Structure formats: C-alpha cells, structure tokens
Amino acid sequence: MTTTTPLTLDQLETGQEFAAGACEISRDSLVRYAGASGDFNPIHYNDTAAREAGLPGVIAHGMLTMGTAVNVVADALGEGARITACSTRFSAPLEVPATGSVTLAVRAVVGKIDPEAGTVQLSLEASVDGTAVLGRARVSVQIDERSA
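(A) View of the pattern of salt bridges. Taken as a whole, this structure holds four salt bridges when the rule is applied. Residues Arg-27 and Asp-47 are paired through a salt bridge, measuring 3.0 Å at the closest nitrogen-oxygen approach. Of the two residues, Arg-27 is situated in helix H1 (residues 27-37) and Asp-47 in helix H2 (residues 47-52); the sequence distance between them amounts to 20 residues. Accessibility expressed as a relative area gives 16% for Arg-27, which makes it buried. In this structure, the salt-bridge partner of Arg-32 is Asp-28, at a minimum N-O distance of 2.8 Å. Separated by four residues within a single helix, Arg-32 and Asp-28 lie in helix H1, roughly one turn from each other. Relative accessible area serves as the criterion here: at 60%, Arg-32 is assigned to the exposed category. Salt bridges linked by common partners bring Glu-17, Arg-107 and Glu-125 together as one network.

Shown next, in the form of structure tokens:
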C-alpha cells in the first residue's frame, strides 16, 4: 500500500500487505551510516577485521538494516499516520560486498488492528536472497482519523 492521502483503519484488514519494497545497501551506505551514528566498528568496513571476528565478511550495522526496513513502512504512510514504535531481533548478518550492493527485500503485513486506540501493528519481514535478516520485527502505527 503506497499512499499520500490520509489512511483510515477501515482500509486495513489483518493479513493484508501494507507495504513492500527492495532497498539497496552498499559499502557506501555503511560509511554514511557510520558517520551519522558514530559506529566505526571495523566489522562494518574491513573484510579482515570482519573475518577475524568470525563473520563471513563485512556486515551492515543492525540498526541500519532495521531503519532501512522501517523506512519502507514510513514511505507508505499517508497524512495523519505515524510510526510510534518498532522492535526486532537480528536473525542473520547482512553481508555487504566490496563492490556493488545487496538487496534487502522488505514486506510489511497488517498483524493487529486496534480501532479504539487507532493503532495498527505491522509484522515486518526483511530478507536477502530468501534469508531472513530480521526476526520478530514489528512496527506500530498510530492513525489519526480526525485528519481523514
């Protein structure tokens, strides 16, 4: 669901796909995120350091991965709706090649609707080449129907 108009609860039902997208993550993405977050752990930019830490290679920052996935939901929200919370467990590292990029496939599905509170809980799936990189990922959305 991609919308710029106000979102209402009656447009949603449990199990419905709310948003989906594919996001590219490159080493350039890692450098930019490190600069913004202050997380300069070498596993996020140095292949040797990553391998010495027991990783297959350089991996994306967990919060960069989660933030990228949540941004797919943010892009789908219309006026009067906002993300109020998100949570996840990191289930697999997102390995980033030295050149090119890796594609993070994201899908958000309506899990629970609370009409009294005006909230929707979304289940968020994020994977690379069919391997889930986030587990138990949830995004809570508040919908202000007064603006609809």
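Read on for the rest.
(B) Structural detail: the nonpolar core. With 37 residues, the main nonpolar core has Phe-18, Ile-25, Leu-94, Leu-104, Leu-122 and Leu-124 as its most contacted residues. Those elements that place two or more of their residues in this core are strand S1 (17-26), helix H3 (62-76), strand S3 (101-114), strand S4 (119-128) and strand S6 (134-143). Per-element tally for this core: the top contributor is H3, with seven residues.

(C) Structural context of H1. What H1 keeps buried is the set Arg-27, Leu-30 and Ala-34. With its buried residues spanning 50° around the axis, H1 presents them on a single face. Among the exposed residues of H1, those pointing more than 90 degrees away from its buried face are Arg-32, Gly-35 and Ala-36. At its buried positions, H1 is contacted by S1, H2 and H3. Positive backbone phi, approximately 85°, marks Gly-38, located one or two places after H1.

Here is what the cut-offs are and how they apply
Residues numbered from 1 in each chain as written. Predicted model: local features only at pLDDT ≥ 70, side-chain atom pairs only at ≥ 80, totals over all residues. Heavy atoms only, no water. Salt bridge = Lys/Arg side-chain N within 4 Å of Asp/Glu carboxyl O. Helix = DSSP H or I, 4+ residues; strand = E, 2+ residues; numbered from the N terminus. Buried < 20%, exposed > 50% of the residue type's maximum accessible area, 1.4 Å probe, protein only. Core = buried A, V, L, I, M, F, W, Y, C linked by side-chain atoms within 4.5 Å. Arc of directions from axis to C-beta. Contact = heavy atoms within 4.5 Å.

Worth remembering: the numbers are spatial, not functional.
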